[in-house]
Amino acid sequence: MKLLLISNSTNAGEAYLEYPKTEIDRFLKAAAVKRVLFVPYAAVTFSFDAYLEKVRNRFGELGIAVDSVHLQADPVRAVQEAEAVVVGGGNTFHLVRKMQENGLMEPIRCRVTAGMPYVGWSAGSNVACPTLCTTNDMPIVQPLSFETLSLIPFQINPHYLDAHPDGHAGETREQRIEEFIAANREVTVAGLREGCMLEVSDSTIRLIGSRPMRVFRYGKAPQEYRAGDDIGFLLQRP
């Protein structure tokens, strides 16, 4: 498999997809990809057409053409014929329901496990996991199930934050993840901080970015890993 799983699309003060564009360019061109199929279904407060235009503008700078699955008469066939699939961020529950309604989960899984490159950011990284259960998003719609693509055997929590704002009496992100692993003891969670991404190439995985990743496993203290560290254990299936 070839996966590029990005925590967030935009760093504060930067243009859209500015920080990951070099890695996206390298990743896709290494596979000789010239055209990608975009999945815009995580958009809620703006149209799929508007989302497509944003992504086309950025990918166009890289010399990569973008089609969108929402404009295809046969979305499944579009996936089957795509050079690569790109899944954008937004609301993960909305994304998953639309993917399920259009029958895209299994076709994407089959193509990616057969070698088709996959790029996702935020919600698009969430759906590469076994379930959507470590999203940060509000469940604004009900999908058919929480099960997603299961391209990787661990969960990602995108936009992972350490901060606990003054005056906030609710749980921290770490406490929420600890609740998840207490209820799902066999599952590992990678807290992927903004500005970072994971690249999976067959049986290898590496962290890209200047910030560490925080990994949660039941019964163990959370551990920090930096770019260059061996994180191959994440690909071991329970």
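Okay, so let's go over this structure. These numbers were taken from a predicted model, which means no experiment stands behind them.

It is worth spelling out the nonpolar core at this point. Ranked by size, the top nonpolar core spans 72 residues in total, and within it Leu 28, Phe 59, Met 99, Tyr 118, Trp 121 and Met 213 carry the most contacts. Every residue in contact with Leu 28, bar those within four places of it in the chain, is listed here: Val 33, Val 36, Phe 59, Ile 64, Ala 84, Pro 117 and Val 119. Listed in part, the 7 residues of the second largest apolar core include Ile 177, Phe 180, Val 189 and Phe 216.

Another point: the sheet that holds strand 3 (residues 65–68). An order of 3-2-4-5-1-8-9 is seen for the 7 strands of this open sheet, with the pairing classed as mixed. Lying at the two open borders of the sheet, with one neighbouring strand each, are strand 3 and strand 9 (204–208). The average undirected angle you get between the axes of adjacent strands in this sheet is 20 degrees. In this structure, strand 1 (residues 2–6) lies alongside strand 8 (residues 197–201), joined through 5 bridges in antiparallel fashion. When the sheet's bridge partners are listed, Lys 2 is paired in strand 8 with Ser 201.

Moving on to the pattern of salt bridges. Taken as a whole, this structure holds 17 salt bridges when the rule is applied. The partner of Arg 58 in a salt bridge is Glu 18, with the nearest N and O atoms 3.1 Å apart. Pair noted here: Arg 58 is in helix 2 (residues 48–61) and Glu 18 is in the loop between strand 1 and helix 1 (21–30), with a separation of 40 residues, a long-range link. Here Arg 58 falls in the buried class, since its relative accessible area comes to 9%. On the accessibility criterion, Glu 18 (30% relative accessible area) is partly exposed. Where salt bridges share partners, they join Asp 162, Glu 174, Arg 193, Arg 214 and Glu 224 into one cluster.

For any pair of aromatic rings, the description consists of the separation of the ring centres together with the inter-plane angle of the planes. If you walk through the whole model with that rule in mind, you get 8 aromatic pairs. Seen in terms of ring centroids, Phe 38 and Tyr 51 are 5.0 Å apart; in terms of plane orientation they differ by 85 degrees. Their pairing is edge-to-face. In this pair, Phe 38 is assigned in strand 2 (residues 35–39) and Tyr 51 in helix 2, connecting sequence segments 13 residues apart. We note that Phe 38, like Tyr 51, is buried. Taking 6.3 Å as the distance between ring centres and 20 degrees as the angle between the ring planes, the aromatic pair formed by Phe 38 and Trp 121 counts as stacked. On the criterion of sequence distance, the pair formed by Phe 38 in strand 2 and Trp 121 in strand 5 (residues 118–121) is long-range, its members being 83 residues apart. Taking the relative accessible area as the measure of exposure, Phe 38 reaches 0% and is therefore buried. Trp 121 gets classed as buried once you look at its relative accessible area, which sits at 1%. Ring pairing ties together the aromatic residues Tyr 16, Phe 38, Phe 46, Tyr 51 and Trp 121, which thus form one cluster.

Attention shifts here to the side chain of Thr 92. Within the secondary structure layout, Thr 92 lies in helix 4 (residues 92–101). Only 2.9 Å separates the side chain of Thr 92 from the side chain of Thr 135, close enough to count as a polar contact. Discounting residues that sit within four places of it in the chain, Thr 92 has contacts with Ala 123, Asn 126, Val 127, Leu 132, Thr 135 and Asp 137.

This next bit is on the pairing of strand 10 (residues 213–216). Side-chain alternation along strand 10 places Met 213 and Val 215 on one buried face and Arg 214 and Phe 216 on a second face that is also buried. In this structure, strand 7 (residues 189–192) lies alongside strand 10, joined through 3 bridges in antiparallel fashion. When the bridges of strand 10 are listed, Gly 191 appears paired with Arg 214. With 3 bridges connecting them, strand 10 and strand 11 (residues 223–225) associate as antiparallel partners. Within the sheet, the bridge partner assigned to Met 213 lies in strand 11 and is Tyr 225.

For helix 2, which comprises 14 residues, the first-to-last C-alpha distance of 20 Å matches the rise-based estimate of 20 Å (1.5 Å per residue) to within 8%. Three or more residues of helix 2 are buried, namely Phe 48, Tyr 51, Leu 52, Val 55, Arg 58 and Phe 59. Each buried residue of helix 2 sits inside an arc of 135 degrees when the element is viewed along its axis, so together they form one side. Among the exposed residues of helix 2, those oriented more than 90 degrees off its buried face are Glu 53 and Glu 61. Against the buried residues of helix 2 lie helix 1, strand 2, strand 3, strand 4 (85–87), helix 4 and strand 5. Phi turns positive one or two residues past the end of helix 2, at Gly 63, with a value near 75 degrees.

About the thresholds
Think of each chain on its own: its residues are numbered from 1, step by step along the sequence as written. Reporting of local features is limited, given that this is a predicted model, to residues whose pLDDT is at least 70; pairs of side-chain atoms are given and counted only at 80 or more, and all residues count toward the totals for whole chains, interfaces and linings. Where side-chain values are given, they derive from all heavy atoms of the structure, hydrogens and water being excluded. Grouping buried Ala, Val, Leu, Ile, Met, Phe, Trp, Tyr and Cys residues that are joined through side-chain atoms within 4.5 Å yields what is termed a nonpolar core. Burial status follows relative accessibility: with a 1.4 Å probe on protein chains alone, a residue under 20% of its type maximum counts as buried, one over 50% as exposed, and anything between as partly exposed. Only heavy atoms enter the contact rule, under which two residues are in contact if any of them lie within 4.5 Å. Between any two strands, at least two bridges found by DSSP are needed for them to pair. Only runs of H or I of at least four residues qualify as helices and only runs of E of at least two qualify as strands under DSSP, and these elements are numbered from the N terminus. A fitted line through C-alpha atoms represents every axis, and for helices the fit uses only the stretch in contact; the resulting angles, taken between N-to-C directions, go from 0 to 180 degrees. Whenever a carboxyl oxygen of Asp or Glu lies within 4 Å of a side-chain nitrogen of Lys or Arg, that contact is scored as a salt bridge. Here the aromatic set is Phe, Tyr and Trp, taking the six-membered ring for Trp, and pairing holds for ring centres within 6.5 Å; pairs whose planes are under 30 degrees apart are stacked, those over 60 apart are edge-to-face, and all others are tilted. Polar contacts, as counted here, are pairs of nitrogen or oxygen atoms within 3.5 Å of one another; within protein the pair requires one atom able to donate a hydrogen and one able to accept it, and residues that are adjacent in sequence qualify only if both atoms are side-chain atoms. To estimate the expected span of a helix, count its residues, drop one, and scale the result by 1.5 Å. Here the arc refers to the directions that run from the helix axis out to each C-beta atom.

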